[in-house]
Every structure is written in C-alpha cells, then in structure tokens.
Amino acid sequence: MSSIAHVKLAPSILAADFARLGEQVVEADKAGADRIHVDVMDGAFVPNLSMGPMVVESLRQITHLPLETHLMVSDPDLFLDDFAAAGSDSFLVHWEGNHNLHRTVQRIKALGKRAGVAINPATPAAVLEEIVQDVDLVLVMTVNPGFGHQQFIGTSVPKIARVRELIQRLKPGCELEVDGGIDATTAPLVVRAGATVLVAGSAVFGAPEGVTTALTRLHAATNISETETELAEQSAL
Ligand code: DX5
Ligand code: ZN
C-alpha cells in the first residue's frame, strides 16, 4: 500500500525558539517539512497556555506550507473562525470533552478547512468508529497533551495499528497522524504500525544540531520499505 509508505513530517512550533520563530519555520520549510503543526492550549483542557491566531497570521506571511492547528481547548468552536481567518488550513479537535463533535467537524468543513479528530492516550481507538468517515485525518496522541518533550508512551503502538485497521475498513483515504515523543527512534515504530503523518517538536526545533539536520534524520528514520510496511500491516490485522 504505497500511501502508507509516504510519511509526512509536521514539525510542532511548540518547541521552537519563539524569538526566532519565523527563521526556524522557514528553515523547516526548506528542509522538507510537509506542514507546520501549531499547538493551541487554553490552560483548561490542558494545564498549559500557548498561542493564539496571531501566531498563525504571522506564519501565514512567511510559508506556503499547510498550517495545521491542534486545538487543546475546552470549547474549540469558539476559536474556529479566528484561526481560519488567520490562515489555518486544518484543525485537529479532541474527541474528549466534546459533546457535539460531529457538529464541530461540520463547522470546520463549512469553513472550507480539513478536519481531524484527536484522541488521548487513554481513549480507545474504537471511539473513532462513528466519526472517522466524516474527517480527513485522525490524530493519535502518543503523550498526554499539554507539553512538549515528554516520553513516548509505548502502548500507543498497538493502538495505532488498531486505528489503522479501522481506517482501512471505514475510510482508507483518511490520514493517520501521531503526536508526542516522536524522534528517530520512535518514528519507525509508529510508521510500521500504520502512521502516515508524524508531528515532532523537540526532535526538530529542539535538536542541538539544528533544524535541517534533524529533519533529514527524521525523514531517513521514516523511510522503511514499502514491503516491510505491508507485512507489518497485515500482521497487525
Ligand atoms: C503536546 C503537543 C505536541 C508537542 C509534541 O501536547 O500536542 O504537538 O508539541 O512535542 P514533542 O515532539 O517534543 O513531544
Ligand atoms: Zn500537537
């Protein structure tokens, strides 16, 4: 399955040096990043605060890469219009705590943006069953949301495989993205399990050797053979 073998990288600016944000995003763009991941936190859904639409508006001026907005907020509907106007291309909204998830997804689509649903580490893959057909991507959190530079949760790997199976059954074109603790060591594990898009914060913007070298290394780590991926996928089913 060739779509599985082409893995996209989404550097998360949460780990960037905010005094040099534009410069670092331009470097990631030139080094082959596929999209830029923007982590939005409200201090309520997660115990941390991060950034608002102004950051997206500024980044929109300096890169043509898709800007994906990961809304770790209690009421995502409140912020969709402002982020869309600022230049967000896609939204990742959480299954947890959203009693009207289908409505949120429809609002995102009505804005002409791509819609994704994110699930936390303790949330089972099966909750996606009734929403996957309405979304363009699914995000499996491989750490608890709220902070960068946390340790990858190993039990996420079989869960990613279960999400892959669900996607193949219900919506084969849906992207499977993973977020948290992704580096050159964990990347092959999640790709073998069926991930097609990898978010990486500290492994890209926090790498001492710089953004370009870090992205090159991460790309190399995801480059597992198509045959190997297919075999892994079959054994996971
Ligand atoms: C965590 C965020 C992640 C975070 C990943 O709440 O959703 O996108 O930036 O950071 P790393 O790659 O450092 O784990
Ligand atoms: Zn994120």
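Preceding this section is the structure that the text describes.
Residues numbered from 1 in each chain as written. Chains lettered and ligands numbered in written order. Predicted model: local features only at pLDDT ≥ 70, side-chain atom pairs only at ≥ 80, totals over all residues. Heavy atoms only, no water.

A.B. asks: Looking at this model, I keep getting lost on the sheet that holds strand 2 (residues 36-41). Mind explaining?
C.D. replies: Hydrogen bonds between backbone atoms are what pair the strands of a sheet, whose relative direction is either parallel or antiparallel. Strand order in the open sheet formed by eight strands is 1-8-7-6-5-4-3-2, with parallel pairing between adjacent strands. What marks the edges here is a single partner per strand, and that holds for strand 1 (8-11) and strand 2. Along the sheet, successive strands turn relative to each other by an average axial angle of 25°, direction set aside. For strand 3 (residues 67-72) and strand 4 (residues 90-94), the ladder comprises four bridges, and the chain directions are parallel. Across the sheet, the residue bridging to His70 is Leu92, located in strand 4. (Pairing = 2+ DSSP bridges. Helix = DSSP H or I, 4+ residues; strand = E, 2+ residues; numbered from the N terminus. Axes fitted to C-alpha atoms, helices over the stretch in contact; angles between N-to-C directions.)

A.B. asks: Help me understand the layout of surface pockets in this model?
C.D. replies: A probe as big as a water molecule, rolled over the atoms, marks out the empty space that is left. What the largest pocket holds in volume is close to 470 Å³. Taken together, 33 residues make up the lining of the largest pocket; nearest its centre are His149, Gly181, Gly201, Ser202 and Ala203. At the level of elements, strand 2, strand 3, strand 8 (197-200), helix 8 (202-205) and helix 9 (211-222) are the ones that each hand at least two residues to the lining of the largest pocket. Here the lining of the largest pocket gets three residues from one element, more than from any other, and that element is helix 9. Of the residues belonging to the lining of the largest pocket, the class tally is 17 nonpolar, 12 polar and four charged. (1 Å grid on protein atoms, 1.4 Å probe; cavity = no way out; pocket = protein on both sides within 12 Å on 5 of 7 lines; lining within 4 Å. Points joined across faces, edges and corners; volume = space filled by probe spheres on them. Nonpolar A, V, L, I, M, F, W, Y, C, P; charged D, E, K, R; others polar.)

A.B. asks: Please clarify how the coordination of the zinc ion (ligand 2) should be interpreted in this entry.
C.D. replies: Here the zinc ion (ligand 2) is held by the protein donor atoms His37 (NE2), Asp39 (OD), His70 (ND1) and Asp179 (OD), which lie 2.1 to 2.3 Å from it. Considering all six donor atoms around the zinc ion (ligand 2), the spread of angles at the metal, 71 to 170°, places the coordination shape in the octahedral class. Motif for the zinc ion (ligand 2), donor spacing along one chain: H-x1-D-x30-H-x108-D. Residue His70 is located in strand 3, and its partner Asp179 is located in strand 7 (residues 175-179); the two are separated by 109 residues in the primary sequence. Per residue, the accessibility class of His70 equals that of Asp179, and both read buried. (Donors = N, O, S within 2.8 Å, 3.2 Å for Na, K, Ca; no water. Tetrahedral: all angles 85-135°; square planar, octahedral: opposite > 155°, others 65-115°. Buried < 20%, exposed > 50% of the residue type's maximum accessible area, 1.4 Å probe, protein only.)

A.B. asks: Got a minute to help me understand unusual backbone geometry in this structure?
C.D. replies: Across residues other than glycine, the phi torsion is negative in most instances, and most of the peptide bonds are trans. Although it is not a glycine, His149 adopts a positive phi angle of roughly 60°. Looking at the element boundaries, His149 is found in the loop between strand 6 (137-141) and helix 6 (156-170).

A.B. asks: I tried to follow empty space enclosed by the protein on my own but got confused; where do I start?
C.D. replies: Tallied over the entire structure, the rule returns one cavity of 30 Å³ or more. In this structure, the largest cavity encloses a volume near 40 Å³. Lining the largest cavity are Phe45, Leu71, Val73, Ser74, Pro76, His94, Glu96, Gly97 and Asn98. Residues belonging to the lining of the largest cavity are distributed by class as follows: four nonpolar, four polar and one charged.

A.B. asks: Please clarify how the nonpolar core should be interpreted in this entry.
C.D. replies: Here is a general trend for soluble globular proteins: nonpolar side chains tend to be buried in one another's company. Ile13, Ile36, Val138, Val163, Val178, Val190 and Leu198 are the most contacted members of the largest nonpolar core, which has 63 residues in total. Dropping the residues within four chain positions of it, Val178 is found in contact with Leu139, Val140, Thr142, Ile160, Val190, Ala195, Val197, Leu198 and Val199. Core analysis: the second largest hydrophobic core is formed by nine residues, Leu92, Ala118, Val143 and Val197 among them. (Core = buried A, V, L, I, M, F, W, Y, C linked by side-chain atoms within 4.5 Å. Contact = heavy atoms within 4.5 Å.)

A.B. asks: Help me out: how do you make sense of the side chain of Thr63 in this one?
C.D. replies: Of note, Thr63 is situated in the loop between helix 3 (53-60) and strand 3. We classify Thr63 as buried; its relative accessible area is 3%. Within the structure, the side chain of Thr63 is placed 2.7 Å from the side chain of Asp29, a separation counted as a polar contact. At 3.0 Å, the side chain of Thr63 and the backbone nitrogen of Leu65 are in polar contact. When residues no more than four places from it in sequence are discounted, the contact partners of Thr63 are Val25 and Asp29. (Polar contact = N/O pair within 3.5 Å; in protein donor to acceptor, adjacent residues only side chain to side chain.)

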